[in-house]
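Here's the letter readout for the chains.
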Amino acid sequence: MLKHFRFHHIGYATDSIAAFSAEYIRGEYKMNEEFIDNIQRVKICFLHKKDNPTIELVEPLDEKSSINKIIKKNGVCPYHICYETDDINADFDLMCQLGYTPLFRPVKAAAFENRLICYFYKKEIGFVELLNSKMEVK
Ligand code: NI
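Residues numbered from 1 in each chain as written. Predicted model: local features only at pLDDT ≥ 70, side-chain atom pairs only at ≥ 80, totals over all residues. Heavy atoms only, no water.

Quick notes on the overall build of the protein
- Along the protein, the regular secondary structure elements total three helices and 10 strands.
- A compact globule built from 138 residues would reach a C-alpha radius of gyration of about 14 Å, and the protein, at 15 Å, matches this within 12%.
- When its C-alpha atoms are laid out on the principal axes, the protein stretches across 40 × 30 × 30 Å.
- Within the span of the protein, comprising 138 residues, buried residues form 43% of the whole.
- When contacts within the protein are restricted to residue pairs at least 6 apart in sequence, those whose partners lie at least 24 apart make up 54%.
- Charged side chains of the protein number 19 positive and 20 negative; the gap between the two group centres comes to 3 Å. (Helix = DSSP H or I, 4+ residues; strand = E, 2+ residues; numbered from the N terminus. Rg over C-alpha atoms; globule rule 2.2 N^0.38 Å. Buried < 20%, exposed > 50% of the residue type's maximum accessible area, 1.4 Å probe, protein only. Contact = heavy atoms within 4.5 Å. Lys, Arg positive; Asp, Glu negative; His and termini not counted. Charge placed at Lys NZ, Arg CZ, Asp CG, Glu CD.)

Comments concerning the coordination of the nickel ion
- The coordination sphere of the nickel ion, as far as protein atoms go, consists of H9 (NE2), E56 (OE), H80 (NE2) and E129 (OE), spread over 1.9 to 2.1 Å.
- Relative accessible area serves as the criterion here: at 0%, H9 is assigned to the buried category. (Donors = N, O, S within 2.8 Å, 3.2 Å for Na, K, Ca; no water.)

Some words on the nonpolar core
- I67, Y79 and F112 are the most contacted members of the largest nonpolar core, which totals 17 residues.
- Elements with a contribution of two residues or more to this core: strand 4 (42–48), helix 2 (67–74), strand 6 (77–85) and strand 9 (115–122).
- Excluding residues that lie within four positions of it along the chain, F112 makes contacts with H8, H9, F46, E56, I117, E129 and L131. (Core = buried A, V, L, I, M, F, W, Y, C linked by side-chain atoms within 4.5 Å.)

Structure, rendered in structure tokens:
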């Protein structure tokens, strides 16, 4: 964990964005449009409510999606916290030095206007996602 990381969202694995979001919409959360991420093979949307942390819902697109493993093992569950950073490539190296295992190098994410994301795993804390604050040029 690095001191300049800024909390961005908590991510839930779910087999039904529709069923999950219905509960939160009842609690006056607003849901944005759904995004398809063909790299991660998932459908993504966000639930927002003023003064509350943003919740990301991640639903598998098909059986190839790696999120299936998490749902099979734990059911619907929160499984990552995402932090925003201004230099994801530099922080990728720093996190590796701190003993975090990268799941993949930074890739563009459809749900974030093609900003770069990457994921890490560490036994003591589970999954951490990084999101670059800047959009990729081109
Ligand atoms: Ni996320």
